[in-house]
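An overview of the molecular structure
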Amino acid sequence: MASIAVTGATGFVGGSVAAVLTDQGHDVTCLVRRDPGPSFPWPWQIVDSGSTRSLTEALEGRDAVAHLAILNDFALMYADRRAGWDGYVGLTERVVDAANAVGALVAYVSSDWVFDGRGHLYSEEDPPNPVNLYGVMKLASELVVLHRAREGFVARVGGVQGLHQTREAGPRNQDAGFGFFVLSLVDSVSSGGRYTVWEDPHINNVATPIVAPEIGALLGRAIERRLDGILHLAGGTCVTRRELALATCEVFELDPGQVDFGALPDEARLPEPVPFDTSLDGTVTMGRLGTVAFPLADQLQSLRDELRTGRPVSLS
Ligand SMILES: NC(=O)c1ccc[n+]([C@@H]2O[C@H](COP(=O)([O-])OP(=O)(O)OC[C@H]3O[C@@H](n4cnc5c(N)ncnc54)[C@H](OP(=O)(O)O)[C@@H]3O)[C@@H](O)[C@H]2O)c1
């Protein structure tokens, strides 16, 4: 078992990663920028993420760092380009330099939005071509890891579904991406309401959904195997938003008659381009990890189990 530091563990994906790595028996420490409060479930340590020295001290004696922290504010990254760049690329440079200084492996979580969305089932070898600043900064951060880290890998994820581990009611709203899509539908339909699935050529419409706990399990495997290069941590089924909505009704035993399909409301339209089809082919990666890309029905069942028990359920 490894000693693993996690950045971004107070966030959506990072919380599930910290939970699953802990469940796997790894010694996890979450690097946070402020006291996360008494109910925060995992060991934590405050770091100054603007300081390579502070990060180096925090990584001393660790085998790896799972780096998920980002400045997750689409409007701000455009309004303040320097802060945006630093919240992605600068932060990743500091994490990589700190990891190099102590001999730790860097496990960098990236995004399917590095692709332009005009392809289908992108492989690990396909050249990225981001269409917005978020994608540019994720790609630039990937290159920092691939070319500057002594040891490490880039793990692209997309269509991520799951429960926020440390926030009571996560922000379960449909948006231009796939994050929280399933639970926002489940929330509405299970309480008797109707849910409109947005269908629009200018939003992310095709993905290979994966549950956040499975990302944690796959990262654990990749760290144990000390993999390098680019990994695609993808679910095994490529779906449109419409198909995902109907599959959700089936697995969660909800009435599909309460689901409508309609136009994207103007207020939800992002002012910048969004990739349409960001489905990822994870076949090669799953072979390297000694597992398979689990189909959508399994991913959704794991989410349903997590919703029922409150405990993250990984598949691998
Ligand atoms: N969510 C998705 O659907 C999705 C899809 C593809 C890829 N990803 C990738 O997954 C990773 C996590 O995304 P997420 O959706 O879980 O994000 P999130 O919920 O917004 O969490 C962001 C995390 O980053 C931390 N953070 C932000 N700025 C920081 C700084 N300067 N120093 C230290 N920590 C900082 C935040 O800490 P505070 O609590 O202190 O603010 C929080 O823990 C990202 O790399 C993202 O690109 C996510």
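Scope of this entry: the structure provided in the associated data block.

Re the sheet that holds strand E11 (residues 229-232)
- Ordered by their spatial adjacency, seven strands build an open sheet running E3-E2-E1-E4-E5-E6-E11, and the pairing between neighbours is parallel. Unpaired on one side and paired on the other, strand E3 (44-46) and E11 mark the two borders of the sheet. Along the sheet, successive strands turn relative to each other by an average axial angle of 25 degrees, direction set aside.
- Helix H4 (residues 81-102) rests against strand E4 (64-67) and strand E5 (105-111) of the sheet, and its axis sits at about 170 degrees to E4.
- Running at roughly 160 degrees to strand E6 (residues 152-157), helix H7 (residues 212-224) makes contact with strand E1 (3-7), E4, E5, E6 and E11 of the sheet.

Topic: helix H6 (residues 181-190)
- Most of H6 sits inside the fold, with seven of its 10 residues counted as buried.
- Inspection of H6 places Phe 181, Val 182, Leu 183, Ser 184, Leu 185, Val 186 and Val 189 among the buried residues, and these make up the whole buried set.
- Packing partners of the buried residues in H6 comprise strand E7 (160-161), strand E8 (195-198), helix H8 (241-251), strand E13 (259-262) and helix H10 (296-309).
- Looking one or two residues past H6, Gly 192 carries a phi angle of roughly 90 degrees, positive in sign.

Let's talk about the side chain of Thr 92
- In this fold, Thr 92 is placed in helix H4.
- At 2.6 Å, the side chain of Thr 92 forms a polar contact with the backbone oxygen of Tyr 88.
- In contact with Thr 92, other than residues within four places in its own chain, are His 67, Tyr 108, Ser 141, Val 144 and Val 145.

What counts and what doesn't
- Residues numbered from 1 in each chain as written.
- Predicted model: local features only at pLDDT ≥ 70, side-chain atom pairs only at ≥ 80, totals over all residues.
- Heavy atoms only, no water.
- Pairing = 2+ DSSP bridges.
- Helix = DSSP H or I, 4+ residues; strand = E, 2+ residues; numbered from the N terminus.
- Axes fitted to C-alpha atoms, helices over the stretch in contact; angles between N-to-C directions.
- Contact = heavy atoms within 4.5 Å.
- Buried < 20%, exposed > 50% of the residue type's maximum accessible area, 1.4 Å probe, protein only.
- Polar contact = N/O pair within 3.5 Å; in protein donor to acceptor, adjacent residues only side chain to side chain.

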